[in-house]
Amino acid sequence: MLYFSRWKTISIWVVVALGVLFALPNLYPQSWLSSLPDWVPKRSMTLGLDLQGGSHILLQIDRKDLADERLETTRDDIRTLLRDARIGYTGLTGSGNSVQVRIRDTAQIDAAKTALAPLLQPVASSLFGAGTISELSLDEPEPGVLRYTLTEEGLDYRLGSALTQSIEVVGRRVNELGTTEPIIQRQGNDRILVQVPGLQDPQRLKDILGQTAKLTFQMVDQTMPVQEAIEGRPPAGSTVLYSTDDPPIPYLIENRVIVSGENLVDAQASFDQRTSEPVVSFRFDTKGAQRFGAATQQNVGKLFAIILDDQVISAPQIREPILGGTGQISGSFSVQGANDLAVLLRAGALPADLTIVEERTVGPSLGADSIQAGQFASIIAAVLVFAFMFAAYGKLGVIANLALAANVALIIAILSVLGATLTLPGIAGIVLTMGMAVDSNVIIFERVREERRQGRSIVQSLDSGFQRALATVVDANLTTLIAAVILFYLGSGPVRGFAVTLAIGIITTVFTAYTLTRWMISVWLRRYRPSELPAGLVNYLPANPSVRFMRMRIYAFVFSTVASVAAAVSFMAVDMNYGIDFRGGSSIEVKALQGNADVGGVRSALEELNLGEVQVQEFGDPSELLIRIGTQEGGDSAEQSALSKVRDALGADYEFRRIEVVGPTVSSELAWAGTIAVIASMLAMLVYIWFRFEWQFALGAIISTLHDVIMMVGFFVWFQLEFNLTSIAAILTVVGYSINDTVVVYDRVRENLRKYKKMPIEQLLDLSMNETLSRTILTGVTTLMALTALYLWGGEVIASFTVAMIFGILIGTYSSIFVAGPLLILFRLRPGVSSADSNDKTAQLPPAAQPSKT
């Protein structure tokens, strides 16, 4: 395995060179890269919103609101069609998803059906053209009564059409703000995901996205005083609407629309030449200009209203006909207010109301701090891991470090080429990969040392070590890859970034360990012809440890059982500190503009707002606070109203660095997805290990991993760490690491089962665990070094994530030895031979494992 042909050597270094070449643009500013030749890669990683700042907003169209709107339209259509056909009717009412009408003269039933036939016309073709979709269905519950019901297919079609049109309108609105590289995409059947990086004013974005912007020009009904209409009943065909003034002014408005926003071709913010106040100048298309001109000609001296989303912006008097198709809207605007209204009018009206069901906003200053913290933690982790490998393995450690550097370069290159987004959990994924990537080299090097102790030459030991370790490395990394893939498909936002970097890191790790590391070792062998393996700290570890792990299995079982039961009872008896991802509500990180933050003052200010449960605590620096607000009654819209109140109360003294708002709808979905992710990953690993090993191994691995999950949940409960989406990522990663650790031990058990066919299972397990003990220690130390650096210097945002990972690595290492191993005895992996019925227990032991004679 240590021979490389020329083409293999060239291929390996071409891949490494391309990795370095595509990773380099991340080290230099784009202004410098633009001066390089066109063939030089210039694409760098896209930074996530948590690193560069910006807003992540999830919008939803309410299916019920859309259905109510369609029912209202259907009622109006029935009324109009029957009146035009001169057919008498009564009882035009709606309930549920139906509208029904009673025809007075039963002789006119057929005529009524004919008049209302357009309501049953197909609105679209069904999938693959196999039929048509009708929006309404007709039935007669009793003679003379016609009932029109919204069909699910028709409602789905209207919802899809509204979503498609809304995406176009939202895209135009966001692009009008001048932002760079916004992401606007469909999510599911009724949601739109909007991500705007680098946004300085997220509140303005929400204001623009939250308005339907339905503009109409309608006449003011002056046949009755408005107060009389409010106290009594407005005339038929008119409605009372209110202005945007404070206090609002009522107007009696005719329902007939003269011109709508659909007839606008342009709208620009400008200034009134007489008053110098900000106004919005507009221009109609030909049809709109004709209708507007005719209306103003016929109503000189009367008032007409400019209405936006059922609110009167202004109601000027028509002094003369307006025939040019242009005009202006005035209404005590600020400059930004006029600009925003012009943006809305140019982009067009939304076909339905959009509700913000999830919001995650990071200020640019916090993003810069996160980048700095992530970079510093990564550098410290790299230095620690590199130094440890050099100290442990000497020259072989140098080779492993070179392979690790190439590994990181390949990860960054692939992320850059794919245009993947690097998030703060993504940086954690790279740091974790640095710790876990060493595992492949450690498995190989420890196997080499073992072969050398058995008397083989250096070349034979290295060749056999790589060959024998291949299956172990592939099995161990594939189990972690399963967890990463499931996390990607069931996760969201930054958690997906973590899954992507972890998955890419696993793939590049296997490549560098079995190609680059092997190639460098082959060159080292040919050039230096060493007579012995390089010296390092590993030489001070016991060459043949003889720890009797299975003697402690009863104590381990008792400890694990008691701890697991305690964790389960704690979970049921003590409220877990759920983050807003799972319980809904708002999480706001603020920083005092001057001096230290005033916890008591902020708490008092927020308690006056009557927002329900409010928690205020220091977060990191004394000038920073973390505010948590419980779920608001009233649904998703109430969450946004609460956030607006907090902004108004604290905006003058505090900078809003991070905002997360999750409505009750999304929170329940995230909780369900997180649970499914953990269950799905464990089932997938069960199937894989069952396929690769035997059923005893599969059940042992899953039970020990379930033990780790229970213990991690208990850890979150006992220490009241916030449990959110990144906690699910931590659990899944620990699941992958624990399975990785267990597979390494099980792989050695399987090998020894073939080698020592009559050895008692207890002794065989002890032997296997002692043979892999140095690998367990070295991999655990390097991974913990990387995670500790991330915990100490990675910032408060991922502190709970990394401390949970540290605990998980420790408990996963424990379970792979003291839970997964003894379970094989419990499942009677080797029922034919046991300690009790073996006449010559030591005859089957290898020389290194023979008990010493005293």
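Residues numbered from 1 in each chain as written. Predicted model: local features only at pLDDT ≥ 70, side-chain atom pairs only at ≥ 80, totals over all residues. Heavy atoms only, no water.

Chemist: How should I be thinking about the packing of aromatic side chains in this particular structure?
Modeler: In this description, a pair of aromatic rings is defined by centroid distance and the angle of the planes. Under the criterion given, the structure shown has 25 aromatic pairs. Here the aromatic rings of F559 and Y814 are separated by 5.8 Å at their centres, their planes lie at 85°, and the arrangement is edge-to-face. In this pair, F559 is assigned in helix α16 (residues 553–573) and Y814 in helix α25 (residues 799–818), connecting sequence segments 255 residues apart. Here F559 falls in the partly exposed class, since its relative accessible area comes to 46%. Judged by relative accessible area, which is 18%, Y814 ranks as buried. Ring centres of F582 and F723 lie 5.6 Å apart, and the angle between their planes is 40°; this geometry places the pair in the tilted category. In this pair, F582 sits in helix α17 (residues 580–583) while F723 sits in the loop between α21 (695–719) and α22 (725–755), placing the two residues 141 residues apart along the sequence. (Phe/Tyr/Trp six-rings, centres within 6.5 Å; stacked < 30°, edge-to-face > 60°. Helix = DSSP H or I, 4+ residues; strand = E, 2+ residues; numbered from the N terminus. Buried < 20%, exposed > 50% of the residue type's maximum accessible area, 1.4 Å probe, protein only.)

Chemist: Please clarify how the layout of surface pockets should be interpreted in this entry.
Modeler: Regions of empty space are outlined by a rolling probe, equal in size to a water molecule, passed over the atoms. Roughly 1,500 Å³ of volume is contained in the second largest pocket. Along the wall of the second largest pocket there are 46 residues; nearest its centre are E69, T212, K214, L350 and P351. Looking at the lining of the second largest pocket, the elements with two or more residues in it are α4 (63–84), α6 (152–176), β11 (215–220), β12 (238–243), β13 (250–260), β14 (264–271) and α10 (335–347). (1 Å grid on protein atoms, 1.4 Å probe; cavity = no way out; pocket = protein on both sides within 12 Å on 5 of 7 lines; lining within 4 Å. Points joined across faces, edges and corners; volume = space filled by probe spheres on them.)

Chemist: Got a minute to help me understand a nonpolar patch on the surface in this structure?
Modeler: The grouping of I10, V14, L18, V20, L21, L24, L27, Y28, W32 and W39 at the surface amounts to a nonpolar patch, some 1,000 Å² of accessible area in total. For the nonpolar patch, the element with the most residues is helix α1 (residues 6–23), which contributes five residues. Inspection of the secondary structure puts L27 in the loop between α1 and α2 (30–33). (Patch = residues over 30% accessible without salt bridge, like charges linked within 9 Å, V, L, I, M, F, W, Y side chains within 5 Å. Areas by Shrake-Rupley, 256 points an atom, 1.4 Å probe, with all protein chains shown as cover. Salt bridge = Lys/Arg side-chain N within 4 Å of Asp/Glu carboxyl O.)

Chemist: Looking at this structure, I do not really get the pattern of salt bridges. What am I missing?
Modeler: Side chains that differ in charge, positive against negative, can pair when their charged atoms come close. By the definition in use, this model includes 39 salt bridges. For D475, the salt bridge identified is with R692, shortest N-O distance 2.8 Å. Taken as a pair, D475 in helix α14 (residues 458–490) and R692 in helix α20 (residues 664–692) lie far apart in primary sequence, 217 residues in all. E771 is paired through a salt bridge with R748; the nearest N and O atoms lie 2.9 Å apart. One end of the pair, E771, is in helix α23 (residues 761–771); the other, R748, is in helix α22, with 23 residues separating them in the sequence. It is possible to trace a salt-bridge network through shared partners that takes in R447, E450, E451, R456, R468, R748, E751, K755 and E771.

Chemist: Help me understand empty space enclosed by the protein, please; the structure alone is not making it clear to me.
Modeler: Overall, the coordinates contain three cavities of 30 Å³ or more when judged by the stated rule. Considering only enclosed or pocket space, the largest cavity measures out at about 130 Å³ in volume. Together, I443, E446, R447, E450, A469, T472, V744, D747, R748, E771, T772 and R775 line the largest cavity. Listing elements by their share of the lining of the largest cavity, those giving two or more residues are α13 (424–453), α14 and α22. With four residues, the top contributor of residues to the lining of the largest cavity is α13. Residue composition of the lining of the largest cavity, grouped by class: three nonpolar, two polar and seven charged. (Nonpolar A, V, L, I, M, F, W, Y, C, P; charged D, E, K, R; others polar.)

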